[in-house]
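Summary of the model geometry
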Amino acid sequence: MTVFQALRALCVALFLAFPIGSAAQTAAPDYEAWSNVAQRAETAVENGRASTHALETLRFQIAEWRETFLDAQTINQSRIVTLQSQISALGTPEEGVAESEDIVTRRMELTEQLSRLRTPVVTAEEAYNRADGVINEIDSLIRERQASELLTVGPSPLNPVHWGKALEAFSHSTLAIFNETVASFSSDAQRRTAISELPKAIFNFALGLILLLKGRGWSLQIADVLRRRTRQGNGVWRFVASLFQILLPYIGLLFVENALYATGLFGLRGTLMLDQIAECGLIILVFRWLAGQLFPRSDEETILPIGQAKRAEARWYIIASAIILIVMKICLVLANYDNWSDETRASLGFPLLILSGLVLFRLGTLLRNSMIDPSNDDDSWQYRVRMARILGQMAIVVAFVGPLIAAMGYGNAAARLMLSSMASLGLFGLLLVLQGFIHDLYAFVTRKDTRDDSLIPVLLGFVLVIMSLPLLALIWGARPADISEVWTSFQEGFAIGDSRISPVDFLTFVVLFTLGYVATRLLQGAMRTTILPRTSMDAGGRNAVVSGIGYVGIFLAAMIAISSAGIDLSNIALVAGALSVGIGFGLQNIVSNFVSGIILLIERPIAEGDWIEVGGKMGYVRGISVRSTRIETFDRTDVIVPNADLVSGMVTNWTRGKTVGRVIVPVGVAYGNDTRKVEDILLKIAREHPMVLLNPTPSIVFQGFGADSMDFEIRAILRDVNYMLGVKSDMNHEIAKRFAEEGVEIPFAQRDIWIRNPEAMGQAQAQVQGSPSEEDTSS
């Protein structure tokens, strides 16, 4: 399967996944017609003689029926829910307890209504299960046929007996094209028709030839014009202009094809060849464009770190692979028309597989051995190099395995392996080019000069990779029905208990929760900047109100989104309860900190800007979050304290509710000074300081007699305790100045040493003085 066949198959899959029309969704299903279709399908599957095309067509019809039955299961849904709630309100009859006759009668009426309304739902569920089962049987049968076709052992292409017949069949098909053209030209009627259409054919051919020859140059001129009109976005304009290198020559091919059609000189085989001109030309153009994007001539535009000479070699191999694909396609058309034998197909296809293997081997060698390790530490470049080397190694393995199994007779498997590998390499290269374009486009939109490591283009690239997975599956043999089946299962969602969560429900939840979250943030911003500053609340109270609005708003947004999405929490309560036990043990510290954070916001024992001391750390509270509180110490370092420590531990708040606080300044004077005089001096110093309050009046305390000094303390109340260190420093300076003026001595540590045996020291000193020196001894 080529890339273009995979694209067509993907379109069919999307058509199957998105049925058009809603008439079947609103009307009641025709179960009689469905029964006929189901019986025909079951018979075809049981006999196993229907063609694959017939089974695919039958499967498409059954898939439409299954979609109808899925929609029919929601009939009377709201009324059924109402009746169930009414029956639940009446209660369950207890044994041995007589009930009112009115209640019994009412319960029977409601039960009968519920049974009547559920009848079409149950019928739709049964039909849905039957359709789903038939589809699974058809899929299994088709997969068995595909596997059997791949694993069928055919004639070996190495048998020389088949070579002559293969060359004869190929010569017959090519000569038949020439003979049919000559026969058409020999006919007078065909010749007159060709002459009458000759001006139109010449015009179309000339126009197409101009576009083929000049299209590439015009695309470069378009890029230059776009670059001159804008200062940024060279990568974007270069990419857009490069697309014209495909578009303009392809339009030229269409004109050439129409010109050749207009002559009417080609027979049946020639017409089949003309039908391939546009598609084969498009293959060449796309592969040439991809080669130029992956391995450009300029070093500045390179995507993979490969030298210039190796890039030129890689471009040649990519174009060679396109030529091989075109030859394979033409041979397949001739083989199907002339009904070539299996021997002929194997003999003529084997050289093409050998050439494909050589191209894959050379490309794999280039990707594995010619990569230049990036000099920088850019993770994206290193990741590209690793992935390119892995793909190169895989290409080398396929290059050997493909021709080997073809030589053993597994021609179909070899062709699938080789062609799918080449198409996959092309797809990976295309993804790499598109991801580079996304980065350039994002840089252009955000007015940035170069690419950066922003998250948005990375996420868009990831989405692009996810979207390419269906195409990759189609390349490797998946059917469009398989893609549509996966999408159908995705649309149906998954069940948790009796609840079913579909993508629509999830999308509804995400949209509503996002809207609620945005509304909560807007309300918080309005309260923080407009409303609360006009009240008498302090900063801590305003922050507590804003945080509380955030918690309540997010909780309400989640509840509204869940209820609007139709998710029944009661059905998953048991699962949530079981998970909560394990989560409770694993996250008990986090939950404790979260609850403590709420307590701090409600009780407000501390607030932002408070000076606190906790766990031996002292500083200002700079932020109170859900889990922890940030304290900025006097060293300008941040300390993160869990909220649980603030609630359960001992916390000293120096500025809670007020900034007034006491300062204690210790002072020591030498023995022999007048203590009353010292007290008067210290009291005057305290009263004269501007930060000291005179009511209550400061006091001087004579603490006692120390080892080296008489100890005093200045105790004063400050207007703002935040200036405590500055006040202490000012008072100490003033104390040193006043003591010097008043002759008060500030002591320092003194120690008296008493020697118990002074005569021993005299003897030792005499011995040292009487001993000869080294110089006397040597002389």
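1. Structural notes on the nonpolar core
Generally speaking, nonpolar side chains in soluble globular proteins are found buried as a group. Of all hydrophobic cores here, the largest spans 61 residues; its most connected members are F295, L304, W340, L360, M371 and V433. Of all the elements in the fold, those that place two or more residues in this core are helix 7 (161-186), helix 10 (234-263), helix 12 (277-294), helix 13 (308-338), helix 14 (342-369), helix 15 (379-407) and helix 16 (411-445). Examining the composition of this core, we find that 13 residues originate from one element, helix 13, more than from any other. Among all residues touching F295, those that are not within four sequence positions of it are L304, I306, R311, A314, R315, I318 and L367. Residues L682, A686, F712 and I714 belong to the second largest nonpolar core, which totals 25 residues.

2. Things to note about the pairing of strand 8 (residues 661-669)
The side chains of a regular strand alternate, residue by residue, between the two faces of the sheet. Alternating positions in strand 8 separate cleanly, G661, V663, V665, V667 and V669 being buried on one face and R662, I664, P666 and G668 remaining unburied on the opposite face. When strand 8 meets strand 10 (residues 710-718), the two strands line up antiparallel, connected through 9 bridges. The partner of P666 across the bridge, within strand 10, is E713.

3. As for a nonpolar patch on the surface
There is a patch of nonpolar side chains on the surface, built from V591, F594, V595, I598, I599, I602 and V647 and spanning about 540 Å² of accessible area. Per-element tally for the nonpolar patch: the top contributor is helix 22 (residues 588-603), with 6 residues. Tracing the sequence through the fold places V595 in helix 22. Overall, the relative accessible area of 41% leaves V595 in the partly exposed class.

4. Quick word on the packing of helix 16 against helix 17 (residues 455-475)
As a packed pair, helix 16 and helix 17 sit with axes 10 Å apart at the nearest point and diverge in direction by 160°. On the basis of their axis angle, the class for helix 16 and helix 17 is roughly antiparallel. Between helix 16 and helix 17 the crossing geometry is right-handed. Facing R416, S420, A423, S424, L427, F428, L431, L434, Q435, I438, H439 and Y442 of helix 16, the residues of helix 17 in contact are I456, P457, V458, L460, G461, L464, V465, S468, L471, L472 and I475. Here the residues of the contact of helix 16 with helix 17 are counted per class, giving 16 nonpolar, 6 polar and 1 charged.

5. Looking at the confidence of the model for the protein
Here the protein averages 82 in pLDDT, and 86% of its residues register 70 or above. Considering each helix and strand of the protein separately, the mean pLDDT is smallest for helix 2 (residues 23-26), with a value of 40, and largest for strand 10, with 92. Throughout residues 10-26 the model reports pLDDT below 50, and contacts reaching past four residues in sequence, or to other chains, amount to 20 contacts.

6. Concerning the sheet that holds strand 10
Across the sheet, 3 strands lie side by side as 8-10-9; this open sheet has antiparallel pairing. Looking along the sheet, the strands with just one partner apiece sit at the ends: strand 8 and strand 9 (699-705). Adjacent strand axes in the sheet meet at a mean angle of 25°, parallel and antiparallel pairs treated alike. Contacts between helix 25 (residues 724-742) and the sheet are confined to strand 8 and strand 10, with strand 8 contributing the most and set at about 30° to the helix.

7. Let's talk about the side chain of S424
In this fold, S424 is placed in helix 16. Taking relative accessible area as the criterion, S424 reaches 5% and is therefore assigned buried. At a separation of 2.7 Å, a polar atom in the side chain of S424 contacts the side chain of W476. In this structure, S424 is in contact with L472, I475 and W476, ignoring residues within four places of it in sequence.

8. A short note on the pattern of salt bridges
One pass over the structure, following the stated rule, counts 20 salt bridges. A salt bridge links R738 to E688, with the shortest nitrogen-to-oxygen separation between them at 2.6 Å. One end of the pair, R738, is in helix 25; the other, E688, is in helix 24 (residues 675-688), and 50 residues separate them in sequence. Its relative accessible area of 51% is what places E688 among the exposed residues. Via salt bridges that share partners, E56, R59, D139, R143, R479 and D482 belong to a single interconnected network.

9. Some remarks on the packing of aromatic side chains
In the structure shown here, the tally under the stated rule is 17 aromatic pairs. Centre to centre, the rings of W611 and F634 are 5.4 Å apart; their planes meet at 80°, and the pair counts as edge-to-face. A residue pair is termed long-range when its members are at least 10 positions apart, and W611 in strand 3 (residues 611-614) and F634 in the loop between strand 5 (628-633) and strand 6 (638-642) qualify at 23 residues. Put simply, the rings of Y31, W34, W65 and F69 touch in pairs and so form one group of aromatic residues.

10. Some thoughts on helix 5 (residues 77-90)
For helix 5, built from 14 residues, the straight-helix expectation of 20 Å at 1.5 Å per residue is met to within 8% by its first-to-last C-alpha distance of 20 Å. Among all positions in helix 5, only I80, L83 and I87 are buried. For helix 5, the arc enclosing every buried residue in end-on projection is 65°, short of the 170-degree limit, so these residues lie on one face. Exposed positions of helix 5 whose direction lies more than 90 degrees from the buried face are S78, S88 and A89. Close packing links the buried residues of helix 5 with helix 6 (101-151). G91 occupies a position one or two residues after helix 5 and carries a positive phi of about 85°.

What counts as what
Residues numbered from 1 in each chain as written. Predicted model: local features only at pLDDT ≥ 70, side-chain atom pairs only at ≥ 80, totals over all residues. Heavy atoms only, no water. Core = buried A, V, L, I, M, F, W, Y, C linked by side-chain atoms within 4.5 Å. Buried < 20%, exposed > 50% of the residue type's maximum accessible area, 1.4 Å probe, protein only. Helix = DSSP H or I, 4+ residues; strand = E, 2+ residues; numbered from the N terminus. Contact = heavy atoms within 4.5 Å. Pairing = 2+ DSSP bridges. Patch = residues over 30% accessible without salt bridge, like charges linked within 9 Å, V, L, I, M, F, W, Y side chains within 5 Å. Areas by Shrake-Rupley, 256 points an atom, 1.4 Å probe, with all protein chains shown as cover. Salt bridge = Lys/Arg side-chain N within 4 Å of Asp/Glu carboxyl O. Axes fitted to C-alpha atoms, helices over the stretch in contact; angles between N-to-C directions. Parallel < 35°, antiparallel > 145°, perpendicular 65-115°, else oblique. Left-handed = near helix turned anticlockwise from the far one by under 90°. Nonpolar A, V, L, I, M, F, W, Y, C, P; charged D, E, K, R; others polar. pLDDT = per-residue confidence, 0-100. Polar contact = N/O pair within 3.5 Å; in protein donor to acceptor, adjacent residues only side chain to side chain. Phe/Tyr/Trp six-rings, centres within 6.5 Å; stacked < 30°, edge-to-face > 60°. Expected span 1.5 Å × (residues − 1). Arc of directions from axis to C-beta.

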